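# Coordinate inspection notes
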Amino acid sequence: MMPTRFRAVLLGSSAILIATAAHAAATDANEMVSGIVVTAPREENVARQRQQEAPNLIDVQSAETILKYPDFNAAEALGRMPGISLSTDTGEGRFVNIRGIDANLNGATYGGVVLLNTNAGGTAAGGGGRAVEFDTLPTGAIDGIVVTKTRLPEQEGEGLGGTVELTPRSAANLSRPFLEGTLGWGYEPLHSHTGPTNVELAGGARFGFGDHGLIIDGDGQDQPVRAGWISNPTPFSFVLNASRKDDRRAVDDLEVSYVDANTPPTDTSAHQYDFRRYDYNRRRFGYGGEFDFQPNDDHSYYARASIAGYIEAVHKNFLLLKSLDGGANAPNPADPKGFVTTTQPAITLTDEQETHRNQVYAIGGKDRFGDVVIDYRASYSRATFAVGYNFGATFNGPSGIPVSYNNVSNVDFPSFAFITDATHPTAFNPNDATQYKLAKISNSSEFDVDRETAYAVNALTPVHLINDSDRLKVGFEARLRDKTVDPIVFSGVTAPSILLSTVSGPANTYYDGHYTNGPFIDRYAIRAIYNSETGITSATNPNGFFQAREDIYAGYGQYTTDIDAWSFLVGARVEKTQARYTAFVQTNNNAPVLSSTKADYTDVFPTAQVKYTFAPNLIARAIYSTGIGRPGFEQNKATASINTTNDPGTVLISRGNPNLKPTTGNNFDLSLEYYMGNGGIVQVGLFDKQFDNYIAPRVQHGITTDPLALGQLANVTTFLNLSSAYARGAEFAYHQKFVFLPQPFDGFGLDANLTLVDSRIQEYDAATSGSGTAQFGLLPGTSKITWNLAGFYEAHGLQVRLSSQYVSHSLFGLGGDKSLDVLQDSRLTMDLTSSYQIDPRLSVYFNAKNLLDTPLRYYEGSPNRPIQREFYDVTYEAGVRFKL
């Protein structure tokens, strides 16, 4: 019997080849809009018009708007849009949450092709392993952004919060040749780093061949329409783009783990403090292009390719105060708010290089046969995460070193002092490299690959059930996805007996002069020691390895019609998911073995969307839509581990849950939108999202039926489906240029949006919470308040914009009790962008990012218990832009 996956490939390929080969004479049928993907235009005014005309609720951001902010990547550009809260890491935006829903449950496409995530074990809230890292795409690699708040049947079912479409630059509508570019350079003061360096270049043209050779559209010569199927005198067009943005970001970080002897904790006594200093070198790249063939007005075909990502090298130097709870951790008689204890100082190194890469390839086209329009696409999407090396070194100092600390008087800048006692008449000097001996050298690598082949075909036809505006659209899609995560560990490394002083430089004072980071390890010396070792072996890490094969087959139908001022859209999408997930399972006293589980389910996603036009510039929408969030790869993998020693008498088991059901959502939206000239808008919206089978981590106590320990008392940490959860809220957006003011004040304007979200999930029941009570909270990733505010001036060749962004705190990870949960703290940022147009072809710009030096801050339970606080300082950039 022919396998289902092979049949899907064969049928998809055949359908596209047949449709591509077919052609018909042009007709006088009315123009109909058809396409697999809603794209974002380059111009701000056109983007607003696209948003107004859409049958569903979307937000559109053009390339022109993206350029008005100092954003490095697509994630940061998304953070400026209504309903989006930005999650940052290492000083840059990485993930986005939509309407309070964490990044693992939202969809992402690039030119209509599903965008895959590079690193399943990334740092997104919720830990599902599906969140797309939008920091892999530089802003120079995209032409615009569409955020879909209410999905159509023709769109993927994924996206409980919404779906992000990143639009690549298209060659379809070129009318004249163009070449444009950017060259910029900057400075990052923290650790005195140069950069960022920014280089962008894009060009394209429309052309054909006539009796006298090459014809280029837009050269001032009108070309007559030809006879025959290739009636377009310039049927070919292309666009190519490339961008490169390098930065050498520095990070100053202070982290702590608390003892947490009681639940809830009764003090801030610490187990360990980490004084962390990072030096990153990130080389972000994006390049691609599109080739279009439009022989006539009824037929068009394209081929598109895009590659984007970054290569990142990092040098991390840590001073650790270990085993602080090994001493008394007693109140300090000289400081009632402080502690006196002992510690073992250590200096560690991390020397790593990793590469994130997204590739998207697509071919497709559109054909009109009378009143029927057919469009189709075949695509291949690939995401890879490669760790070339990850060297580590640990140098331990003497144990039992007396130390005092106070983390109460100033929770963000605790004080520390090495002190004396009877056995230590001289206080320890953490900067003395001769006090540390090499204890361990390690290395690891990883290569993960996620790939998906997809086929889609749509057909649009008038049906005349009510009037001439009636349209019926149907389509089919097959998505065939394979994902492998393969971490490698190296063993057999023998650390030589050496002092840190032989492989280090002077100590660094960091964190704005508050602390020392200890002697600075020479990473090249550590590499040399490692490379001189013999007998090193490598093996797959069974706790991190997994494979997933996930095939989705979909079909849909949607009907649209206009009746006077009313516009209606109804339809449904059916998706069948067939999957197999493979991982290592560790049984008691046995080596891990590969185990596979299968999943097979079908879901139906209905929608009904109504739009009412009060006036040409005033519309209202009422919408019901549905969606799905499949279990995360980190949640449903079969990996399990067992521990019988940490808690005598109780077996501790940690495992994924291959039996998880997908989360489904019912969404209700109301929106009122008033459109003004110059891209202006006033918008108010309400939304309510109800979820079934929401996935959350759980600790099950007193289990005796787990197959790894049948008949034994076990505590099992796993993921479970919750019966219900919700997120609801309101969105507000306002954008206006004050053209009614007299010159030169007519260039002033305001751009603002506000999102308020309330969500609820039962974090713990009475049996699983550390305090023995049922506890509720916000969904992971939900920020109750998110806003953007920008004041700008755009006139007489000058553009200046001062923008600020606020994201309130959100749940990052569950800790067993609300008092132990990890939360990402609220943050307020401010940026400045400016440019001056010297002439129509040349402009200069200056940007300053993170003017408030806002830290990335996490805390445990309450803000007075910070566990991480990273600073990045301001980034400056200046350069030139040209258009030819």
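Residues numbered from 1 in each chain as written. Predicted model: local features only at pLDDT ≥ 70, side-chain atom pairs only at ≥ 80, totals over all residues. Heavy atoms only, no water.

So, about the overall build of the protein. A tally of helices and strands in the protein yields six helices and 46 strands. Here the protein has a C-alpha radius of gyration of 29 Å; the compact-globule value for 884 residues is 29 Å, and the two agree. Judged by the C-alpha coordinates and their principal axes, the protein covers about 100 × 70 × 55 Å. Put simply, of all contacts in the protein between residues at least 6 apart along the chain, 72% involve residues at least 24 apart. As presented, the protein carries roughly 35500 Å² of accessible surface, and 57% of it is formed by carbon and sulfur atoms. Distance between charge centres in the protein, computed from 71 positive and 94 negative side chains, equals 2 Å. (Helix = DSSP H or I, 4+ residues; strand = E, 2+ residues; numbered from the N terminus. Rg over C-alpha atoms; globule rule 2.2 N^0.38 Å. Contact = heavy atoms within 4.5 Å. Areas by Shrake-Rupley, 256 points an atom, 1.4 Å probe, with all protein chains shown as cover. Lys, Arg positive; Asp, Glu negative; His and termini not counted. Charge placed at Lys NZ, Arg CZ, Asp CG, Glu CD.)

Put simply, the protein has an average pLDDT of 91, and 94% of its residues get 70 or more. Scored below 50 in pLDDT, residues 6-37 makes 63 contacts in the model with residues more than four places away or belonging to other chains. (pLDDT = per-residue confidence, 0-100.)

What follows covers the pattern of salt bridges. Per the counting criterion, the structure on display carries 54 salt bridges. When the shortest N-O distance is used, the salt bridge between Glu158 and Arg479 registers 3.5 Å. One end of the pair, Glu158, is in the loop between strand E6 (144-148) and strand E7 (163-167); the other, Arg479, is in strand E22 (residues 471-485), and 321 residues separate them in sequence. In this structure, the salt-bridge partner of Glu575 is Arg573, at a minimum N-O distance of 2.8 Å. Residues participating in the shared-partner salt-bridge network are Asp89, Glu92, Arg94, Asp135, Glu188, Arg249, Arg282, Arg284 and Glu312. (Salt bridge = Lys/Arg side-chain N within 4 Å of Asp/Glu carboxyl O.)

Among the residues making up helix H2 (residues 44-53), those that are buried are Glu44, Ala47, Arg48, Gln51 and Gln52. For H2, the angular spread of buried residues about the axis comes to 140°, placing them on one side. (Buried < 20%, exposed > 50% of the residue type's maximum accessible area, 1.4 Å probe, protein only. Arc of directions from axis to C-beta.)

Moving on: unusual backbone geometry. Negative phi is the rule for most residues except glycine; trans is the rule for most peptide bonds. Cis geometry is adopted by the peptide bond preceding Pro196, which originates at Gly195 and carries an omega value of 10°. Considering the arrangement of structural elements, one finds Pro196 in strand E9 (residues 193-210). Put simply, Gln743 and Pro744 share a cis peptide bond, and its omega is 0°. Summarising the element assignment, Pro744 is placed in the loop between strand E35 (714-737) and strand E36 (748-764). Within the chain, Asn678 stands out as a residue other than glycine whose phi angle is a positive 60°. Within the secondary structure layout, Asn678 lies in the loop between strand E33 (663-675) and strand E34 (681-703). Judged by its relative accessible area of 39%, Asn678 is partly exposed. Phi at Asp873 is positive, roughly 70°, even though this residue is not glycine. Among the structural elements, Asp873 can be located in the loop between strand E45 (866-871) and strand E46 (875-883).

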